[in-house]
Amino acid sequence: IYLVAAQPAAPPLPPIESHANLDLSSAVPGTADTLRTTALHDPDPASIDLEEASRIVAAGIGCKESSVVTQLGEVGAAIGASLGATRVITDAGWLPFERQIGTTGAIVSPDLYLAFGVSGAVQHLSGIGRPDHVIAVNTDAGAPMMKFADLAICADAPETIAALARRLATAEGAAPRHEDGDPT
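As the structure is a computational prediction, the values presented were derived from the model and not from experiment. (Residues numbered from 1 in each chain as written. Predicted model: local features only at pLDDT ≥ 70, side-chain atom pairs only at ≥ 80, totals over all residues. Heavy atoms only, no water.)

(A) Local environment of the layout of surface pockets. Estimated volume of the second largest pocket: approximately 230 Å³. Along the wall of the second largest pocket there are 17 residues; nearest its centre are Thr86, Arg87, Val88, Ala121 and His124. Of all the secondary structure elements, the ones that give two or more residues to the lining of the second largest pocket are α2 (87-91) and α3 (122-125). Its residues placed into classes, the lining of the second largest pocket shows five nonpolar, 11 polar and one charged. (1 Å grid on protein atoms, 1.4 Å probe; cavity = no way out; pocket = protein on both sides within 12 Å on 5 of 7 lines; lining within 4 Å. Points joined across faces, edges and corners; volume = space filled by probe spheres on them. Helix = DSSP H or I, 4+ residues; strand = E, 2+ residues; numbered from the N terminus. Nonpolar A, V, L, I, M, F, W, Y, C, P; charged D, E, K, R; others polar.)

Quick look at the structure:
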């Protein structure tokens, strides 16, 4: 983490190695008694730039409906992942352009990339970089994304997303939800 001083003449601040002893009093002269750190928060995966995300869940046309993409975003939030998409999804208006991954969108290289219903067109694959781990869910076992993945799961993306959402809800102590939204 680097801090940027608001004053152009201020000396640059050293990188912060630990949140434990964060002292900003030297950054703003005359505030040693009034300035204190109350909390430091990790970036929100829902709003962080995809290029900076360490975990990404990506939606492709195999998600079939905007509601499934929304549910994937909820699954992503539960695991601390940002939501990205293929061009087909952003062109349909299901997600904004800022969430598009590929040659005409964001170039990403997360630690973990989970692709749901993503066929893996060359334009999308060229925007993925070199993630440490890639998991793909698709009904087409021969899709390029499935061949690119470390773990390829041949299954229906919406069904898999719904099952993950139920499992995560149960793990968090909430009542599991079914596809129709009914918690019973």
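Text resumes after the structure shown.
(B) Here's a closer look at helix α1 (residues 66-78). Over its 13 residues, α1 extends 19 Å from the first C-alpha to the last, a length consistent with the 18 Å expected when each residue adds 1.5 Å. Turning to α1, its buried residues are Val68, Val69, Leu72, Val75 and Gly76. Angular distribution of buried residues about the axis of α1 spans 110°; they occupy a single face of the element. Turned more than 90 degrees away from the buried face of α1 sit Glu74 and Ala77, all of them exposed. Residues of α1 that are buried sit in contact with β1 (55-59), β2 (82-85), α2, β3 (112-116) and α5 (157-171). One or two residues past the end of α1 sits Gly80, with phi positive at roughly 75°. (Expected span 1.5 Å × (residues − 1). Buried < 20%, exposed > 50% of the residue type's maximum accessible area, 1.4 Å probe, protein only. Arc of directions from axis to C-beta. Contact = heavy atoms within 4.5 Å.)

(C) Spatial organisation of the sheet that holds strand β4 (residues 133-138). On the basis of which strands lie adjacent, the open sheet formed by five strands has the order β2-β1-β3-β4-β5 and parallel pairing. Two strands lie at the open edges of the sheet, namely β2 and β5 (151-154), each paired on one side alone. Averaged over all pairs of adjacent strands, the angle between their axes in this sheet comes to 15°, without regard to strand direction. In this structure, β1 lies alongside β3, joined through five bridges in parallel fashion. Among the inter-strand pairings, Ala59 is bridged to a residue of β3, identified as Phe116. Across the sheet, α1 is in contact with β1, β2 and β3; its angle to β1 comes to roughly 170°. (Pairing = 2+ DSSP bridges. Axes fitted to C-alpha atoms, helices over the stretch in contact; angles between N-to-C directions.)

(D) Spatial organisation of the packing of α1 against α5. Relative to each other, α1 and α5 sit at 40°, their axes nearing to 9 Å. Here α5 runs oblique to α1, going by the angle between their axes. For the pair α1 and α5, the sense of crossing is left-handed. The residues of α5 that touch α1, namely those facing Val68, Gln71, Leu72, Val75 and Ala78, are Pro158, Ile161, Ala162, Leu164, Ala165 and Leu168. Here the contact of α1 with α5 is composed, by residue class, of 10 nonpolar, one polar and no charged. (Parallel < 35°, antiparallel > 145°, perpendicular 65-115°, else oblique. Left-handed = near helix turned anticlockwise from the far one by under 90°.)

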